[in-house]
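# Working through the structure, step by step
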Amino acid sequence: MTLAIQPGLLRGEVTVPPSKSLSHRALIASFLSNGGVVENLAENDDIAATRDCLDGIKTGGVLNCRESGSTMRFLIPLALVFREEAFFIGSGRLLERPMEPYARFFDMRRSEDGFAVRGKLKPGRFPLPGNVSSQFVTGLLFALPLLDGESEITLTSPLESKPYVDLTLQALTAFGVRIDAAPDGWAVPGRQAYRPCRYTVEGDESAAAFWRVANALGSEVTCAGLNPNSIQGDRVMTDIIRDGVRVIDVRECPDLVPALAVLCCFRDGESRIVNAGRLRIKESDRLSAVTLELNRLGARIAELPDGLVIQGVQTLNGGSISSHNDHRIAMALAIAATRCGGAVTIRGAECAGKSYPGFFEDFRALGGLYEYIR
């Protein structure tokens, strides 16, 4: 799908979709509780992948994670609680994303089609790097309480994206599972049972970040459905905008980078985004993608190995650009288009459905002007 977006500011109220991160976690915990109820569950491609794979864990067969790294990393350990072996497949860049931290624990073999994992998960000590992805920690935190003995997750390097682990611990507590803090990680008592509960998923701060950047560029959008006491890490976007932060460390909030790049393009002077190297192994190489596409519109972005240096400009131009099949790139470019000097054509805009299927409908309801180009 190609969209041609006309410049123009947005106004009105939007109800942000339920948190994708919390929906993954609540769905898995509910499955393990045999009766928990999840209200306000996100409906997007990634959550559909998790739901289908949970069904597959029960029934056997291939587990298709589509493009969801969370689904694959969360469910590999869990599959080996219930099965002797499992085969995971995916699409897009998913199979290129790092899985090596699990390879030391499981008989894990990569092929062109996916990953074969074998051998029942057993309790023990699990050393993990903290600087690759917190998703490996979450996967083990879900699975280890079900085993017969106590286990320990030990971090071998400082944990990045800690707020995502905090979300996992929050969901586990809600479903009656105990995890104990340890000096370099977590101690996980075994022989636990997930208890059914009624869990309501709060609004997605990652999605709200795009509308917050739109407001910083002159729009007037009110976001409904958010939890003012949320522990979601991407709430920090509010502070970054309010405080005018110029050197933005995204170690704890990497998903904000596409939206932050748009924000920084319209600031006076220089801004820097640092500690963003992991963005190269997302749905796209996000550092390269935002640099290439925003510069095509007239931005002044220099790409570094693990960050961006952005010189502010007064306005961006119109032009034809690509989403790189990356939902966060597509949405960031749409927000940039509201302040461009001419129409912006975004190829592959439908990929926004990976996390926010109604994004462009909400964009139009807020006064955004676009048309489909077949």
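To be clear, the structure that these remarks concern was listed above.
No experiment lies behind these values; they were computed from the predicted model shown.

Rules used throughout
Residues numbered from 1 in each chain as written. Predicted model: local features only at pLDDT ≥ 70, side-chain atom pairs only at ≥ 80, totals over all residues. Heavy atoms only, no water. Helix = DSSP H or I, 4+ residues; strand = E, 2+ residues; numbered from the N terminus. Rg over C-alpha atoms; globule rule 2.2 N^0.38 Å. Buried < 20%, exposed > 50% of the residue type's maximum accessible area, 1.4 Å probe, protein only. Contact = heavy atoms within 4.5 Å. Areas by Shrake-Rupley, 256 points an atom, 1.4 Å probe, with all protein chains shown as cover. Lys, Arg positive; Asp, Glu negative; His and termini not counted. Charge placed at Lys NZ, Arg CZ, Asp CG, Glu CD. Salt bridge = Lys/Arg side-chain N within 4 Å of Asp/Glu carboxyl O. Expected span 1.5 Å × (residues − 1).

## Focus: the overall build of the protein chain
From N to C terminus, the protein chain includes twelve helices and 20 strands. The globule rule puts the C-alpha radius of gyration for 374 residues at 21 Å, and the 21 Å found for the protein chain is close to it. Overall size of the protein chain, expressed as C-alpha extent along the three principal axes, is 60 × 40 × 40 Å. Split into buried and exposed, the 374 residues of the protein chain put 58% on the buried side. Across the protein chain, every contact between residues at least 6 apart in sequence was considered, and the portion connecting residues at least 24 apart equals 71%. Approximately 14,400 Å² of the protein chain is accessible, and the part contributed by carbon and sulfur atoms is 47%. Where the 41 positive side-chain charges of the protein chain centre and where its 44 negative ones centre are 1 Å apart.

## Quick look at the pattern of salt bridges
Where charged atoms from two side chains of opposite charge come close, those side chains can pair. All told, the structure shown has 28 salt bridges when counted by the stated rule. Between glutamate 160 and arginine 251 there is a salt bridge, with its nearest N and O atoms 3.2 Å apart. Placement of the pair is glutamate 160 in the loop between strand S9 (151-155) and helix H6 (162-174) and arginine 251 in the loop between strand S14 (247-249) and helix H9 (257-265), with a sequence separation of 91 residues. Residues joined in a network through salt bridges with shared partners are Lys20, Asp46, Asp255, Lys282, Glu283, Arg286, Asp326, Arg328 and Lys354.

## Some points on H6
For H6, which comprises 13 residues, the first-to-last C-alpha distance of 19 Å matches the rise-based estimate of 18 Å (1.5 Å per residue) to within 8%. Next to the buried residues of H6 lie helix H1 (20-33), helix H5 (135-143), strand S11 (185-188), strand S12 (198-200) and helix H7 (205-216). The first or second residue beyond H6 is glycine 176, which carries a positive phi of 80°.

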